[in-house]
Amino acid sequence: MATKIRGRERLLAKMKALPLQVRSAIKQALAQGADEITDMQKRLVPVDSGDLRDSIAQTWGGGKVRYSSLNAGAETGDPDLTVRISAGNSKVRYAHLVEFGTAPHINGGKFAGSQHPGTAAKPFFFPAYRALRKRVKSRITRATNKAAKRVAAS
C-alpha cells in the first residue's frame, strides 16, 4: 500500500537539503515506528509453522521487495529515509491468502474437480499498520521539528 504524496519532487529536494542531524532524527523515528509495526504484525499473525511470522521483515530503501505478497511503504523516495515492511518470501508465498482469505472454488491440479470451501480471512498485516500509522507519523513529525529547532538554535 503505497502512500501518494503531492509535490513529491519538491519534498525530495527539501529532504536532501536537510542537515545530517535532522535526517538522523527522522531515520531513528522511522526505525522505531517500523519496529513497532512489525512487532504488532508478528503478534497478530496466526502461527502454524511460524514461517509466515518469520517472513515479516523491514527493508530500508525504495523498490519492491522480491517474493513478498504484502507490502507497506513508499514505492520510491529517499533511500535513506524509506522503510518498507513486507510479509512473504521465496518460501512463504501465501501471506495474502491468510490476510484476505479465499473464496470457495473448484480445485485444479492434483485434486482437480474437488470443491474447496474457502478460508476465512485472518488479518494481521494491515490492521497493525492502520493501528500504528498515526502514532508513527506523529513521532516522525515531532523528531523532525525537534531536530530542526536544535539545528536552528546552533
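**Student:** Which residues make up the overall build of the protein chain, and what values go with them?
**Tutor:** The helix and strand tally for the protein chain stands at five helices and five strands. Overall, the protein chain shows an N-to-C arrangement of helices and strands of α-α-α-β-β-β-α-β-β-α. By the burial criterion, 34% of the 154 residues in the protein chain qualify as buried. The long-range fraction of contacts in the protein chain, counting pairs at least 24 apart against all pairs at least 6 apart in sequence, stands at 60%. A total accessible area of about 9800 Å² is found for the protein chain, and carbon and sulfur atoms account for 56% of it.

**Student:** Can you lay out the nonpolar core for me, pointing to particular residues and giving the numbers?
**Tutor:** Nonpolar side chains tend toward joint burial in soluble globular proteins. Membership of the largest hydrophobic core comes to 28 residues, with the highest contact counts inside it found for L52 and F124. Every element with two or more residues in this core is listed here: α2 (20-44), β3 (83-87), α4 (95-100) and α5 (125-153).

**Student:** Could you give an account of a positive patch on the surface, naming the residues involved and the relevant values?
**Tutor:** On the surface, R130, R133, K134 and K137 cluster together into a patch of positive charge. Within the secondary structure layout, K137 lies in helix α5. On the basis of relative accessibility, which here comes to 51%, the residue K137 falls in the exposed class.

**Student:** Quick rundown of the confidence of the model for the protein chain? Include the residues and the values.
**Tutor:** With 90% of its residues at a pLDDT of at least 70, the protein chain reaches an overall mean of 86. For the protein chain, the element scoring lowest by mean pLDDT is strand β2 (residues 70-72), at 68; helix α3 (residues 51-55) scores highest, at 95.

**Student:** Lay out the side chain of R139 in plain terms, naming residues and giving numbers.
**Tutor:** Relative to the assigned elements, R139 resides in helix α5. Not counting residues up to four positions away in its chain, the partners in contact with R139 are A29, Q32, G33 and E36.

**Student:** Which residues make up α5, and what values do they have?
**Tutor:** Helix length check: α5 (29 residues) gives 41 Å between terminal C-alpha atoms against 42 Å at 1.5 Å per residue, within 8%. The sharpest bend along α5 comes to roughly 45 degrees, located at L132. Taken together, the buried positions of α5 are F125, F126, A128, Y129, L132, V136, R139, I140, A143 and A147.

**Student:** Requested: an account of the packing of aromatic side chains, with residues and values cited.
**Tutor:** Throughout the structure, instances matching the rule amount to three aromatic pairs. Each member of the aromatic cluster is reached from another via a ring pair, and the members are F100, F124, F125 and F126. The ring of W60 has K27 sitting right over it, with the charged end atom 5.0 Å from the ring centre.

**Student:** How would you sum up the environment of K146? Please name residues and give values.
**Tutor:** The topology assignment puts K146 in helix α5. In the structure, K146 is positioned 124 residues away from V22 in sequence and 8.4 Å away in space, judged by C-alpha atoms.

**Student:** An account of the environment of R142 is needed here, citing residue identities and associated values.
**Tutor:** With respect to the helices and strands, R142 occurs in helix α5. For the pair R142 and A29, spaced 113 residues apart in sequence, the C-alpha to C-alpha distance is 9.0 Å.

**Student:** I'd like a description of the pattern of salt bridges, backed by residues and values.
**Tutor:** Under the defined criterion, the tally for this structure stands at five salt bridges. Note that R135 is salt-bridged to E36, the shortest N-O span being 3.5 Å. Of this pair, R135 sits in helix α5 while E36 sits in helix α2, placing them 99 residues apart in sequence. Take R135: its relative accessible area is 47%, and that puts it in the partly exposed class. R139 is the salt-bridge partner of E36, the closest N and O atoms lying 2.8 Å from each other. Residue E36 is found in helix α2, and its partner R139 is found in helix α5; the two are separated by 103 residues along the sequence. One salt-bridge network, held together by shared partners, links E36, R135 and R139.

What counts as what
- Residues numbered from 1 in each chain as written.
- Predicted model: local features only at pLDDT ≥ 70, side-chain atom pairs only at ≥ 80, totals over all residues.
- Heavy atoms only, no water.
- Helix = DSSP H or I, 4+ residues; strand = E, 2+ residues; numbered from the N terminus.
- Buried < 20%, exposed > 50% of the residue type's maximum accessible area, 1.4 Å probe, protein only.
- Contact = heavy atoms within 4.5 Å.
- Areas by Shrake-Rupley, 256 points an atom, 1.4 Å probe, with all protein chains shown as cover.
- Core = buried A, V, L, I, M, F, W, Y, C linked by side-chain atoms within 4.5 Å.
- Patch = residues over 30% accessible without salt bridge, like charges linked within 9 Å, V, L, I, M, F, W, Y side chains within 5 Å.
- Salt bridge = Lys/Arg side-chain N within 4 Å of Asp/Glu carboxyl O.
- Lys, Arg positive; Asp, Glu negative; His and termini not counted.
- Charge placed at Lys NZ, Arg CZ, Asp CG, Glu CD.
- pLDDT = per-residue confidence, 0-100.
- Expected span 1.5 Å × (residues − 1).
- Bend = angle between axes of the 7 residues up to and from the residue.
- Phe/Tyr/Trp six-rings, centres within 6.5 Å; stacked < 30°, edge-to-face > 60°.
- Lys NZ or Arg CZ within 6 Å of the ring centre and 35° of its normal.

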